[in-house]
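A look at the structure
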Amino acid sequence: MRDLFTQATYLAASIFFILGLRSLAHPDRARAGMNQAAIGMLLAVVGTLFVQEIVTYQWIIAGLIIGTVIGVPLGTKVKMTAMPQVVAISHAFGALAATLVGVNEFVVHDFGAGVSSGTMAALGFETLFGALTVTGSVMAWGKLQEVLPGRPITWPFQNVMNLSLLAGTVGLFGWLVVNPANPLAFWLMLTLSFLIGILMVLPIGGADMPVVVSLLNSYAGLAAAATGFAIGNNVLIICGALNGASGLLLSVLMSKAMNRSLTNVLFGAFGGVQAAVGAGTAGLAVRATTAEDVAVQLAYAQRVIVIPGYGLAVAQAQHVVRELGELIEKHGGEVKYAIHPVAGRMPGHMNVILAEANIPYDRLYDMDEINDQFEQCDVALVVGANDVVNPAARSDPSSPIYGMPILNADKARSILVLKRSMNAGFAGIENELFYDPKTAMLFGDAKASLTKLVAEIKAL
Amino acid sequence: MRDLFTQATYLAASIFFILGLRSLAHPDRARAGMNQAAIGMLLAVVGTLFVQEIVTYQWIIAGLIIGTVIGVPLGTKVKMTAMPQVVAISHAFGALAATLVGVNEFVVHDFGAGVSSGTMAALGFETLFGALTVTGSVMAWGKLQEVLPGRPITWPFQNVMNLSLLAGTVGLFGWLVVNPANPLAFWLMLTLSFLIGILMVLPIGGADMPVVVSLLNSYAGLAAAATGFAIGNNVLIICGALNGASGLLLSVLMSKAMNRSLTNVLFGAFGGVQAAVGAGTAGLAVRATTAEDVAVQLAYAQRVIVIPGYGLAVAQAQHVVRELGELIEKHGGEVKYAIHPVAGRMPGHMNVILAEANIPYDRLYDMDEINDQFEQCDVALVVGANDVVNPAARSDPSSPIYGMPILNADKARSILVLKRSMNAGFAGIENELFYDPKTAMLFGDAKASLTKLVAEIKAL
Amino acid sequence: MRIGVMKETAPRERRVALSPEAVARLIKAGDTVVVERGAGVAAFYPDEAYAAAGAELGDAEAAGAADLVCKVQCPAMAEVGTLRAGAVLLSLTTGESAAAIQALVNRQVSVLALERVPRITRAQSMDVLSSQATVAGYRAALLGASSLPRFLPMLTTAAGSLTPAKVLVLGAGVAGLQAIATARRLGAVVTGFDVRAAAAEQVLSLGAKFLAPEAIAGDAETAGGYAKELAEEQQQKVIDAVDGAAAASDLVISTAAIPGRAAPRLLLRSTVEKMKPGSVIIDVSAETGGNCELTVPGETIVHGGVTIIGPLNLASTMPQHASQMFARNVQTLVDHLRRDGVLAVDLTDEITGAMCIAHAGALR
Amino acid sequence: MRIGVMKETAPRERRVALSPEAVARLIKAGDTVVVERGAGVAAFYPDEAYAAAGAELGDAEAAGAADLVCKVQCPAMAEVGTLRAGAVLLSLTTGESAAAIQALVNRQVSVLALERVPRITRAQSMDVLSSQATVAGYRAALLGASSLPRFLPMLTTAAGSLTPAKVLVLGAGVAGLQAIATARRLGAVVTGFDVRAAAAEQVLSLGAKFLAPEAIAGDAETAGGYAKELAEEQQQKVIDAVDGAAAASDLVISTAAIPGRAAPRLLLRSTVEKMKPGSVIIDVSAETGGNCELTVPGETIVHGGVTIIGPLNLASTMPQHASQMFARNVQTLVDHLRRDGVLAVDLTDEITGAMCIAHAGALR
Amino acid sequence: MNTMTVIQLYVFVLAGFVGYQVISRVPPLLHTPLMSATNAISGISLVGSLVAAGSGDRRISNILGCIAVACAMINVVGGFIITDRMLKMFRRADKPEGAK
Amino acid sequence: MNTMTVIQLYVFVLAGFVGYQVISRVPPLLHTPLMSATNAISGISLVGSLVAAGSGDRRISNILGCIAVACAMINVVGGFIITDRMLKMFRRADKPEGAK
Ligand SMILES: NC(=O)c1ccc[n+]([C@@H]2O[C@H](COP(=O)([O-])OP(=O)(O)OC[C@H]3O[C@@H](n4cnc5c(N)ncnc54)[C@H](OP(=O)(O)O)[C@@H]3O)[C@@H](O)[C@H]2O)c1
Ligand SMILES: NC(=O)c1ccc[n+]([C@@H]2O[C@H](COP(=O)([O-])OP(=O)(O)OC[C@H]3O[C@@H](n4cnc5c(N)ncnc54)[C@H](OP(=O)(O)O)[C@@H]3O)[C@@H](O)[C@H]2O)c1
Ligand SMILES: NC(=O)c1ccc[n+]([C@@H]2O[C@H](COP(=O)([O-])OP(=O)(O)OC[C@H]3O[C@@H](n4cnc5c(N)ncnc54)[C@H](O)[C@@H]3O)[C@@H](O)[C@H]2O)c1
Ligand SMILES: NC(=O)c1ccc[n+]([C@@H]2O[C@H](COP(=O)([O-])OP(=O)(O)OC[C@H]3O[C@@H](n4cnc5c(N)ncnc54)[C@H](O)[C@@H]3O)[C@@H](O)[C@H]2O)c1
């Protein structure tokens, strides 16, 4: 009866987890969904407390209290900007728990003498993945927190070394499966796993840490699933599988969003294939983005100012830009068009083009009318404009456009630039705005890019 | 070892089934996916043949040969138009197999004396659902094949009668679970189940049979899952669950596509809530459709002729119609616009409106130029036009528009009309075209409908 | 059947009743067409084009001797003699003296008045009022744009931002709607106004705004789709509404008309005086007296910085396409009149009956 | 600083150098402005508007006595005397006799020529050539549309289908592009042509087509963004290409110009004779001799059914907005010339230096 | 209810989830082939039938099993063939070359 | 490999499928919260830790288990709180009334 209750809570918990994750597909429902998942967790814990094997509760209570006392401030006190680090460190703790459970199983079963090969395989798997996740997460935390240097750390023969370590660990694992009662092998494997976690993350750059954390998530999932197999616990298997699959997929998707493959992210430093996304005059970096990535940002923006330029006309993208504007408005945002006096190639070029798409006149704003509003604007969407948003006009007396008043796109909270390349505009000069950390570049023909954005926003 | 092999094939088969069904989300990959599923089925069969319980093969071979000899011609010879019937009948066979397995289990275990309550529950479930699926499918076949009258068959107190029968069956089932060794209850339950299948389908109209077949699919799935529980077979459980869930969802989706709820489809005849979708002057029926339903038709059409009318201008839908046209062209179709001389409310109204959306002049065709091309056109898309496509102008001398040349929309292979209601146009007269069996009506403001169509096509 | 096309003699009339293209269609249908030399020159249809289409070229007498004589304007007194006695005349009969009509009657000429084509669906392709009003509306908008000392569209340039012109179109019939469409195309902010209830939706369907004065009781539309005259008090409401809107506008194009009556007065002197210097009024209804109190038909006057133009026969200022459309209407009518290859004036016919104002020596 | 605005005396000139709005801006910046009575009337800016903006009204002498005198056209010989000796003059200097300039020099007037504003980004807002060319392009398209005997847009009506007019725009500079945009707005099928390579993309960016004659060797663009003269053989290729395109067009708007030289000849008599009767040529370059061989500057001639219009000073036909833009350019220039509230003619300045053609009693 | 049954319940629930998610992505156009496809897959009761037909316990088992096998086989063979024929129609009819 | 393990393998595979499908629908904007959410859920190893901490067999179990419980709890509590804080930012900030 007791067992039945536990099983029922486990089943319910699994369902809650799945539903919770599903709800993340909809920004509006996501929070409610995560509350569901939290309830699932509570159920699983309560269900476990009724398990027959549990005979004493003081240790449990102690652990729960300690964990809560540390966990709550960790979650609440940290600044929003430090979130990725916290996720990494919280992850390390979770993995440590899994590792400890594995070690415990090994220890209590007479140092392996009391387990079958199959169970040992599960146990070993658990310990291996758990351990490397622990150190890997700590390393990721260090890189994100800038305790460790953010740049990839490499040295000669690193590759050979890592591979041999890995081979050694796998060998030990195999030995353990064949002959479980082998404490030496177990402890050695554990140590090597910790080491691998460190070595794996060292050569990856700080900016790629989110991918790493997500991948470690996947490993932690596999460890949990292995625990589930070892102790015959379904909720562990299910959650483990969920995490294993989703973590892997997520890290692939994240790499893709950076226009790189997962292998490139993980082993990029070795092959020297470091993808140079672009470096500006002053060694500054350009942030290239994808329609997918910025679609939600636009959809949920409150105030968007569109800055059309010559490129909009060249791409004949006027109709699509109107569509995008309407879509943002349907999502509750406000869209204005900032018309620079010399945007385009003839006086009134933008007026003609936008009128063709039937964009109402009262959405069009003169430079003087709108220049004060950029500070409150969430996204400045620069469509094929260049010179008219070039801060050099304000700051660089040697520039041919010095003295021309410009649209204050650089004052916006974030800037999204749609153009085909890093090529210059009419005046033939570089534009610092594109290297601004707040700026994301969506490369491609403006019409194509806008069409993609529209499709992405509609698909939300 | 043997068992392990069977289990492995089962696991593989399950994965193949899931992947196969997934591929149905993409018309281009669907066929390949179904081949995968077929391989899965083969694997499952081969795996089963190695099961320890199987000791004799002649009966198996006989059954397989008979099944193939009947099944192949059933699948290949039948006309495309008779497909739904064949699905129904093939379904009846599958359900019969499940029922027979259930009966056999009951019989061989000493007429229930040899089974536990739990197993009996599974067995009973299997037999109950299997049996009602058999007769239900046969009835559906009859209605589709027009062996039985297609109209809903109803009689007084039908509702009360069906409910009491159902209650009786459930009662018997309960009795069996409590006391498995009860052959009388078993046979009675079986008979009642067969009866329920018949009675359930009788009051449903012939046109709704696809929904019924899909729902029976769901029942058959549940029966299979029950079998799986009874004989401890995972592939049966998985396939059963897949079918159970997908059949139910599919019947809900299909009902929705008809703008009705599943309950309305199943019990519509009782409450007299028969949804009158619309009936024309001459008792003809109007076919209302949804954007979802026609999106694929448009996306895959080769030749589309758009007929704009006054409603397009009223809805100010010119920009969206251009977008839709471009989308169809991206899918490889060809889009032309047929401009009737008096479409709209002023000479050249359509020209002005379409020019505003920048639809190139060479896509616009005069009535005389295009009237011969309707016969080759897959879809005539009538957007807010009415009088200019009214066949009464050709055929009804008493009509106020008699003698006016019209666009031959009625000659197209299919016609899709976008308007808000069944209201008349300028001339104030009914339009037969809307009652044409080839015509589907998408009701709503033209701009809203077109926007939906665009979104649906993009989501394909 | 023998068809004659006479050259127009009225001042400012540059159109011709049949274009070479229409002539070709008629000849294909079996008719013979005689065109007076030079008939199409003002509309940029040289005689050679007619000859190439298969027409005979002749003098006025030759054209007048046909069974059916086509003309744009009603023949003046001096021209009546050119027509064969007993011929059928197809032309407008507006703007001509009753005396000329009487002379035609006396000559046993059957007169089919083009402006009387009934407003039914089937006759749409014969309706010259619609086709010529289309031209007039387009020309009115162009004339307005050309007369304004400012841009119609909005323009943001290095030399400052120019606001779009506000255009008010009074009367949203065929001409009014076309004027709205044309002004909108040029980028103006357009408001339309009409007393018929159905007009509001039509104006909106062109993307323009509609000026809705306080509810005008009932609908001001007759069965034929034309407007009827308003009651005194309603008229006042209309004038008040127009007054405010016009004062805020840069360009007013007025096309309001009531068939058979003087054009309704919508723009008073006081309204004009409220308008900004540089504003323009194009009074398309000048022919029937004008919608504006100050309009002088056929002339351009400037009143307190406001230019008021009262153009006459606007369609004729775009003679080629106006003639092409006119000719297509006439040709469709001829096809309608032709029975087995011969001309038949069937007074019981819904269309012919309505058009015929004189037959067999008597006014009808 | 004291600024004077003189009334224009040249025939056909309806613009004024400063609008009330620009006057208000200058006064806000601390200047005093004297406006000659009636200076803005032709542009629909009444004297009251200037007074309301804070200007003093006076006669020509009062305006001429200012530190800085603003005018649209260069003062004629008779007007030179009105200017205070040593004043600074801000005006166009095209089209005026060298004698008048010499007289100004003799009077120690510093002349800043508005047409010489350098074509650099910073000076865009002072460039009257650009702003006035914008007006000219728009007006040329309107003039063309009004002069055509046919519709510009396509129209499908009960009276037949009318094909859209084909418009060819020669020279895709500021005026040409604006003409393209305006004709496109009206629904015409527009083709643009220019010898500068960059123009192709610009024409396409307006949704028009580009006529690309067989590769013209090298690029015909100078550093300033202007075109240079073509070699003989290239010139022939251009003429051939234009010949074919023009023959197929209903309306040709030609704006091709080379600064400081006669307009290039692009339309020969033979080309005009290939055009359809009723076609129209608007030769915006008439002022510098015309792109068409038959153009008579300032007149409208008809040659074989083709109307050829050689308008002079097109910008002035839309005086209100043309003046507004002109005034904004002038005002920005004045702001540029003002240093600590006083007028400073700094010849080392990139813009002032380029504009100054006479200073301290000497031509530069 | 033993552990085995419980874990089978897990399988059932998870498979149901998968089924639901998979189906909800299928476009309406393919609903009919989908119906046919799930029908074909529901022929999996063949597996149960095989065991019955091949068992050595009783003759009745063999007979019932043999009929069941035949019926299930009709379902499987017919179902897959029909589905395939339907899907064949959904190939993009003579897709224009070069179009993407 | 016993039947139990086999059937657990089914559970594993199916759950993997579900995970894959669920994640592939999450928009990129929510990838960071998603990462955080899966991290929180991976705290499920708490369940294993509880069993260890509560077992009566050996003291070592209790101690290791207690540490594991604490660690897992940090993961769970921290993870859920962080996720919630992130998601809070994604509410449509002061959505205009009446807009749908
Ligand atoms: N308005 C006037 O009267 C006038 C007249 C003459 C000159 N100008 C000058 O023109 C400039 C106008 O500034 P602006 O910001 O409008 O234009 P801009 O500075 O010339 O920049 C236009 C940008 O659009 C991009 N682009 C071109 N085609 C595109 C396409 N199909 N899709 C996406 N992007 C495309 C180009 O970058 P990629 O190549 O990387 O795509 C280019 O950098 C000013 O310098 C002004 O002085 C104006
Ligand atoms: N072209 C001319 O010069 C001219 C001038 C005067 C009269 N007419 C007459 O006008 C008619 C023109 O024919 P037509 O086919 O263009 O128009 P129509 O026959 O008047 O039909 C228009 C249809 O559009 C639908 N509609 C209106 N608003 C809509 C919206 N927002 N969204 C979707 N549908 C909308 C209406 O149906 P719902 O209400 O159900 O939506 C209506 O049945 C002819 O009878 C012609 O003789 C023409
Ligand atoms: N069905 C057909 O065959 C057909 C053919 C042509 C026109 N029509 C319709 O007939 C109607 C009128 O056509 P028209 O242009 O020849 O009419 P019109 O030239 O006689 O009048 C022009 C417009 O002035 C308006 N008007 C009258 N008094 C007014 C006032 N006091 N204030 C404001 N506006 C006033 C009228 O309502 C009309 O819209 C239009 O709706 C047109 O669509 C129908
Ligand atoms: N950056 C700036 O500040 C600025 C300001 C104004 C104009 N511009 C640019 O300068 C260029 C020219 O301006 P504009 O309109 O004053 O020039 P313009 O009036 O001198 O000449 C008009 C056009 O005629 C063209 N042309 C010359 N010879 C030709 C021939 N044989 N055939 C065909 N076309 C011929 C020229 O290329 C030019 O485009 C434009 O590209 C414009 O965008 C730049």
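Note that this is a predicted model, so its numbers are computed, not measured.

A closer look at the site of ligand 4
In the vicinity of ligand 4 there are 26 residues, among which R119, S130, V174, D194 and R196 of chain D approach most closely. Nearby residues place ligand 4 at the junction of chains A and D. Contact between ligand 4 and R119 of chain D: an oxygen atom at 2.7 Å from a side-chain N or O atom of the residue. Here ligand 4 loses 91% of its free accessible area of 840 Å² to cover by the protein chains. Class assignment of the residues belonging to the shell around ligand 4 gives a composition of 15 nonpolar, six polar and five charged.

Structural notes on the interface of chain F and chain B
Counting residues at the interface gives 11 residues for chain F, matched by 11 residues for chain B. When chain F packs against chain B, close to 990 Å² is buried across both sides, 76% of that on carbon and sulfur atoms. Across the chain F-chain B interface, the total number found is zero salt bridges. Applying the counting rule to chain F against chain B returns two residue pairs in polar contact (both at pLDDT 80 or more). Looking at the side of chain F that touches chain B, its residues break down into nine nonpolar, two polar and no charged.

Re helix α11 (residues 319-337) of chain D
Its 19 residues place the ends of α11 of chain D 26 Å apart at the C-alpha level, agreeing with the 27 Å of an ideal helix rising 1.5 Å per residue. The element α11 of chain D is largely enclosed, with a buried count of 18 among its 19 residues.

Notes on the packing of aromatic side chains
Residues and elements named next belong to chain A. Counted by the stated rule, this structure contains 21 aromatic pairs over all chains. Taking the centre distance of 5.3 Å and the plane angle of 80° together, the rings of F186 and W187 count as edge-to-face. A relative accessible area of 0% means that F186 is categorised as buried. A cation over a ring is seen here: R345 above Y310, with NZ or CZ 3.9 Å from the ring centre.

Quick word on the sheet that holds strand β13 (residues 280-283) of chain C
Residue and element names in this part refer to chain C. Taken together, seven strands build an open sheet; the order of strands is β11-β10-β9-β12-β13-β15-β14 and the sheet is mixed. Of all the strands in the sheet, just β11 (209-210) and β14 (300-303) have a single pairing partner and so form its edges. Pairing analysis gives four bridges linking strand β9 (residues 166-170) to strand β12 (residues 251-254), with the strands arranged parallel. Paired with L170 across the bridge in β12 is S254. The strands touched by helix α9 (residues 232-247) are β9, β10 (189-193) and β12; relative to β9, the strand with the most contacts, the crossing angle is about 160°.

Some thoughts on the interface of chain F and chain A
In this complex, chain F contributes 80 residues to the contact, which on the side of chain A involves 95 residues. Our count for the contact surface shared by chain F and chain A stands at one salt bridge. A salt bridge links D84 of chain F to R31 of chain A, with the shortest nitrogen-to-oxygen separation between them at 3.0 Å. Those elements that provide at least two residues to the side of chain F that touches chain A are α1 (3-23), α2 (31-41), α3 (45-54) and α4 (59-88) of chain F. It is α4 of chain F that provides the largest number of residues to the side of chain F that touches chain A, a total of 29 residues.

Parameters at a glance
- Residues numbered from 1 in each chain as written.
- Chains lettered and ligands numbered in written order.
- Predicted model: local features only at pLDDT ≥ 70, side-chain atom pairs only at ≥ 80, totals over all residues.
- Heavy atoms only, no water.
- Near = heavy atom within 4 Å.
- Polar contact = N/O pair within 3.5 Å; in protein donor to acceptor, adjacent residues only side chain to side chain.
- Areas by Shrake-Rupley, 256 points an atom, 1.4 Å probe, with all protein chains shown as cover.
- Nonpolar A, V, L, I, M, F, W, Y, C, P; charged D, E, K, R; others polar.
- Contact = heavy atoms within 4.5 Å.
- Buried area = accessible area lost by both parts, 1.4 Å probe.
- Salt bridge = Lys/Arg side-chain N within 4 Å of Asp/Glu carboxyl O.
- Helix = DSSP H or I, 4+ residues; strand = E, 2+ residues; numbered from the N terminus.
- Expected span 1.5 Å × (residues − 1).
- Buried < 20%, exposed > 50% of the residue type's maximum accessible area, 1.4 Å probe, protein only.
- Phe/Tyr/Trp six-rings, centres within 6.5 Å; stacked < 30°, edge-to-face > 60°.
- Lys NZ or Arg CZ within 6 Å of the ring centre and 35° of its normal.
- Pairing = 2+ DSSP bridges.
- Axes fitted to C-alpha atoms, helices over the stretch in contact; angles between N-to-C directions.

Purely geometric stuff here, so don't read any function into it on its own.
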